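# Examination of the molecular architecture
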Amino acid sequence: MADKISISCKCGAFKAVLNHDRPDRCNHAVCYCVDCQAAARHLGEWDRITDEKGGTEIYQTVPEKLEIVEGADKLAVMRLAPKGLYRWHTSCCGTSLCNTLGKAKFSFVGLVVENMEPKDGLGPVQFRHKPEQALAPVEEPPGNLAFFAVRTLRNAAIALMTGGWRKTPFFDATTGLAVSKPVVLSADERAAAYKA
């Protein structure tokens, strides 16, 4: 199993490395929610990051495990609505990279698996989120939501106690602001994104 996983955008201008030394503290999921579907449509990533049922494969960890090695200036972020998730992508080629909350102190990042190599060390999918919003019936078992949530909260709590939350490429630890100004979709853009 690789202890380092490479992440890159479509054009190669953005590159990062995930320190994969504690896969037991990571979550591997497929999200079928309409919000992730809308984000993929808006970014023009539908055919690349979603499966035939509208699911996006996500690998969740903490930002301190992520190191940007090239193209930090290419980070851009959008929100589907004023209180929505921060959906990070690249300004160079529109690659959908990951999701975070809007607060640096809640330490988590959901990475889009399509951008990661190698994938064989990520382990099996543990949870399928919002299968009722999929575009076709999801026959695979949903997995344990409680286990998924507890691991997420535990990781965030550890990062808060140790100060690990400050080691994030997405936020300025002093101000708490995102390194790129979030862009909120207009009403027309949002309507288009949610139109299946």
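As a reminder, the structure under discussion sits directly above these lines.
In short, a report on the structure. Keep in mind that this is a model prediction, so the values were computed, not measured. (Residues numbered from 1 in each chain as written. Predicted model: local features only at pLDDT ≥ 70, side-chain atom pairs only at ≥ 80, totals over all residues. Heavy atoms only, no water.)

## Quick look at unusual backbone geometry
Test applied: Helical segments are the DSSP runs of H or I of at least four residues, strand segments are the runs of E of at least two, and each set is numbered from the N terminus. The buried label applies to any residue whose accessible area, calculated with a 1.4 Å probe on protein chains only, is under 20% of its type's maximum; exposed applies above 50%, and partly exposed to all values in between.
Residues E117 and P118 are joined by a peptide bond in cis, for which omega reads -5 degrees. Residue position: P118 is located in the loop between strand 10 (116-117) and strand 11 (127-129). One non-glycine residue, K130, lies in the positive phi region at around 55 degrees. Tracing the backbone shows K130 in the loop between strand 11 and helix 3 (145-162). Exposure remark for K130: the relative accessible area of 32% places this residue in the partly exposed category.

## Topic: the pattern of salt bridges
Selection rule: By definition here, a salt bridge exists when the distance from a side-chain nitrogen of Lys or Arg to a carboxyl oxygen of Asp or Glu is within 4 Å.
With the rule as written, the count across this model stands at five salt bridges. Here E45 and R48 are joined by a salt bridge, their closest N and O atoms 2.7 Å apart. Among the residues examined, E45 registers a relative accessible area of 1% and is labelled buried. Here the salt bridges do not stand alone but share partners, grouping K10, E45 and R48 into one network.

## Structural notes on the pairing of strand 6 (residues 75-79)
Threshold: Think of it this way: DSSP has to see at least two bridges between two strands before they count as a pair.
Extensive coverage of strand 6 is indicated by the burial of five of its five residues. Of the two faces of strand 6, the one holding L75, V77 and R79 and the one holding A76 and M78 are both buried throughout. Both strand 6 and strand 7 (residues 86-90) contribute to a ladder of four bridges, which runs antiparallel. Paired with M78 across the strands is R87, a residue of strand 7. The loop that links strand 6 with its antiparallel partner strand 7 comprises six residues.

## Notes on helix 3
Rules: Here the expected span of a helix is defined as 1.5 Å times the quantity of residues minus one. What the arc describes is the spread of directions from the helix axis to the C-beta atoms. Contacts are assigned to residue pairs with any non-hydrogen atoms lying within 4.5 Å of each other. Side-chain atoms alone can form a polar contact between residues adjacent in sequence; in general such a contact is a pair of N or O atoms within 3.5 Å, and within protein one must be able to donate a hydrogen while the other accepts it.
With 18 residues, helix 3 ought to run about 26 Å at 1.5 Å a step, and its terminal C-alpha atoms sit 26 Å apart, in line with that. Along helix 3, the residues that are buried comprise F148, R151, T152, N155, A156 and A159. Viewed end-on, helix 3 has its buried residues packed into an arc of 125 degrees, placing them on one side of the element. Away from the buried face of helix 3 by more than 90 degrees, exposed residues V150, L153 and M161 are located. Residues of helix 3 that are buried make contact with strand 3 (27-31), strand 4 (56-61) and strand 11. The N-cap residue of helix 3 is N144: its side-chain oxygen and the backbone nitrogen of A146 are 3.0 Å apart. G163 sits one or two residues past helix 3 and shows a positive phi near 85 degrees.

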